[in-house]
Every structure is written in structure tokens, then in C-alpha cells.
Amino acid sequence: MRMKYVLSEVLVGLWRNVTMTVAMIITMAVSLTMLGASGLMYKQVGDMKDLYYKNVEVSIFLKTDVTEQQRTDLDAKLKSDPLVKEVLYVNKDEAYKTFKEMYQDAPDLVNAVKPDLLPESFRLKLVNPEQYKNIYDQYQGTEGVDVIVDQSRLLDKIFNVLTAIQNIALAAAVVMAIAALLLVANTIQVAAYSKRREVAVMKLVGASNWFIQAPFVLEAVVAGLIGSLLGLVALIGAKQLLFSGSLKALEGLLSPVQWSDIFLMFPLMAGVGGLISAATAWVTLRFYLRV
């Protein structure tokens, strides 16, 4: 009987302040959507780092006047280096072949470049690509070495931009969450004020504090859960419209967003929405109800 009463009071409370309830749900949905999106972004950037770093190569370009002995000594040194996972030697002809494939849409440029103009090089895969600096310090200045190029320096700049976007999304989610919690507190305060006489009567007949507070707390929890459901719908729509639509052409550059990742965000959003709403409602009641 008590549970039935509490649930009925929750529904009545939500409907009594319907406009504020809707505003609370929408604000909660926006903040939870941004929270889920920032969580997905963190995971995607991590996946992209793993994917890109696996394919990162360090290229050691040789001087045009490198001797056979210098080339052989460098090859042996690289193959015995514990930091180096794989060594591939690229001669001038192979470099020219790669050059033609890369610039096949620019025939004038290809015709202007001769194989002798392209340097020989060693392409390295590292055990840990982030240890590029050690390779650079060790081999820069070695006889026969002209320049050392590492792709991860460019990737670091890209990831710095993505990390900045992550932080902006997370900051926006925090701001929206604060706005949602203030709205929850205001809604609960209004609901508690409108039922102040009923609360006083319940106190007189010996109702416990938790029994009085339960309907208000559950109102906030229901609003938080509905907001998390709307947030999940928004993430699903974003995947369909963006990653499976307009951004589909960038699949080679962006790691795909999996359905499992999106549904994995829902427990997080529901937990944050429900628990924080409940805590906010409880704290508000402690201030505005003498229970």
C-alpha cells in the first residue's frame, strides 16, 4: 500500500509541475548527451591513437653520397637495436615506384622527377612508437644519415586538437549538468512548497522522514532516467546521421563508432542522471523541508 501511494505521488508531482518537469528532463537530456558524447570521444581518440601508432614508421633518409659500408653498418646497427621492431631498406628505384603511386594524379610532377633524385632510406617500425625521440637522438648525425622523419610528430598535433575538443565537450557537459541540477533543486523546492500542508499532516501522524521524502526523490530520479533515455536516442541519431552518413567517407581516418560503445554509455548516463538527481533532491529537501 505504501509503495502504491509513493508511486502515485510521483506521477502526481511530475504532472503538477509539468512545464518545469519537461524543462528539467530536456536540460538533463542535453547534459547527459554531451556527457555520453565526450565519453565516446575519449574512447575513440584512444582507439585512433592505438590504430595510428601501430602504423607509424620512422624514416631514416640517407645522403646521396652514402657509401656501401656506411649503409651496411647502419643496417646492422638498426637490426640489432632493441627499440626497433622491423627494418625495411628502400632503394632509389623502390622509392621512385612509391613516389609514382602517390602522385599518379600529377603526371607532370612524376615526369619531372627522376629515380636518382630520390634518396635511399630505412623504414623502421618501433617496438614502442612513442620512443621516436630515442631513435632520433641515437641516429641523427650518424655517418651517411641525412634526415630522420617521424610520422608521430604530425599525429601528436592532431591528437592535441582532438584532446582539446574532448575537454571542451566535457566542460560543456559539466556546465549543462550544473544547470540541470539547479533546475532539479528548484523543481523539488516548488513541489515541496506546494505540498507543505500535506507534509505537516504526515509528520503529525508519525510518517517517517524517508516516507515523506521518497516521492520527491523519485520524481528527480524518473526525470534523470527519462533524460538518459533521450540522451541515448540522441547518440543513436548522431551515429546514424553523422558516422553512418555524412562522415562515412572518413572511415579510413576516423575509427568507427561501434553500437556496443553507444549502448555502453547508457548505464553511465542513467547512473549519473539518476544518482545525481536523487542526491540533489535529497539535499534540497533537507534545506526546504523540516523533516
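Treat the numbers as computed from the prediction; the structure is a model and nothing was measured. (Residues numbered from 1 in each chain as written. Predicted model: local features only at pLDDT ≥ 70, side-chain atom pairs only at ≥ 80, totals over all residues. Heavy atoms only, no water.)

1. Overview of the sheet that holds strand 1 (residues 58-62)
For step 1, the next point in the chain: Spatial strand order, 2-3-1-4: 4 strands in an open sheet with antiparallel pairing. The strands lining the two open edges of the sheet, one partner per strand, are strand 2 (84-90) and strand 4 (145-150). When strand polarity is set aside, the average angle formed by the axes of neighbouring strands in this sheet is 20°.
For step 2, the next point in the chain: The strands that helix 6 (residues 132-139) touches are strand 1, strand 2, strand 3 (121-126) and strand 4; relative to strand 4, the one it contacts most, it runs at about 175°. (Pairing = 2+ DSSP bridges. Helix = DSSP H or I, 4+ residues; strand = E, 2+ residues; numbered from the N terminus. Axes fitted to C-alpha atoms, helices over the stretch in contact; angles between N-to-C directions. Contact = heavy atoms within 4.5 Å.)

2. Section: the confidence of the model for the protein chain
For step 1, the next point in the chain: Predicted confidence across the protein chain gives a mean pLDDT of 75, with 75% of residues reaching 70 or more.
For step 2, the next point in the chain: Per-element averaging of pLDDT across the protein chain places helix 1 (residues 2-16) at the bottom with 56 and helix 3 (residues 68-79) at the top with 89. (pLDDT = per-residue confidence, 0-100.)

3. Description of the UniProt feature "transmembrane region" (unreviewed entry) in the protein chain
For step 1, the next point in the chain: Taken from the UniProt record, the annotation "transmembrane region" (unreviewed entry) applies to residues 21-42, 168-193, 214-242 and 262-285.
For step 2, the next point in the chain: With 100% helix and 0% strand, residues 21-42 has end C-alpha atoms that lie 31 Å from one another.
For step 3, the next point in the chain: Within residues 214-242, the helical portion is 100% and the strand portion 0%, while the C-alpha atoms at the span's ends are 41 Å from each other. (UniProt positions renumbered as here; feature names shortened; annotations may be inferred.)

4. A few points about the nonpolar core
For step 1, the next point in the chain: Within the largest apolar cluster, 20 residues are counted, with the highest numbers of intra-cluster contacts made by V184, I188, L235 and I262.
For step 2, the next point in the chain: Listing elements by their share of this core, those giving two or more residues are helix 2 (18-54), helix 7 (152-194), helix 9 (209-246) and helix 10 (259-288).
For step 3, the next point in the chain: The biggest single contributor to this core is helix 9, with 7 residues.
For step 4, the next point in the chain: Counting 17 residues, the second largest nonpolar core, distinct from the first, contains V87, F122, Y132 and I148. (Core = buried A, V, L, I, M, F, W, Y, C linked by side-chain atoms within 4.5 Å. Buried < 20%, exposed > 50% of the residue type's maximum accessible area, 1.4 Å probe, protein only.)

5. Side note on helix 4 (residues 92-102)
For step 1, the next point in the chain: By the burial criterion, the buried members of helix 4 are A95, Y96 and F99. Across the axial projection of helix 4, the buried residues extend over an arc of 100°, all falling on one side. Among the exposed residues of helix 4, those pointing more than 90 degrees away from its buried face are D93, K97 and E101.
For step 2, the next point in the chain: N-cap assignment for helix 4: the residue whose side-chain oxygen lies 3.1 Å from the backbone N of D93 is N91. (Arc of directions from axis to C-beta. Polar contact = N/O pair within 3.5 Å; in protein donor to acceptor, adjacent residues only side chain to side chain.)

6. What about the pattern of salt bridges?
If charged atoms from side chains of opposite charge come close, those side chains can pair.
For step 1, the next point in the chain: Using the criterion set out here, one finds 3 salt bridges in the structure.
For step 2, the next point in the chain: Its salt-bridge partner being E68, residue R71 comes within 2.3 Å of it at the nearest N-O pair. Of this pair, R71 and E68 are both found in helix 3, 3 residues apart, which corresponds to roughly one turn of the helix.
For step 3, the next point in the chain: Between R71 and E120 there is a salt bridge, and its shortest N-O distance comes to 2.9 Å. You can see R71 sitting in helix 3 and its partner E120 sitting in the loop between helix 5 (107-112) and strand 3, a full 49 residues away along the chain.
For step 4, the next point in the chain: On the basis of relative accessible area, R71 is assigned to the buried category, the value being 13%. (Salt bridge = Lys/Arg side-chain N within 4 Å of Asp/Glu carboxyl O.)

7. Focus: helix 6
For step 1, the next point in the chain: Those residues of helix 6 that fall on the buried side of the exposure criterion are Y132, I135 and Y139. All buried residues of helix 6 project into a common sector of 60° when viewed along the axis, lining one side.
For step 2, the next point in the chain: Downstream of helix 6 by a residue or two, G141 has a phi angle that is positive, lying close to 95°.

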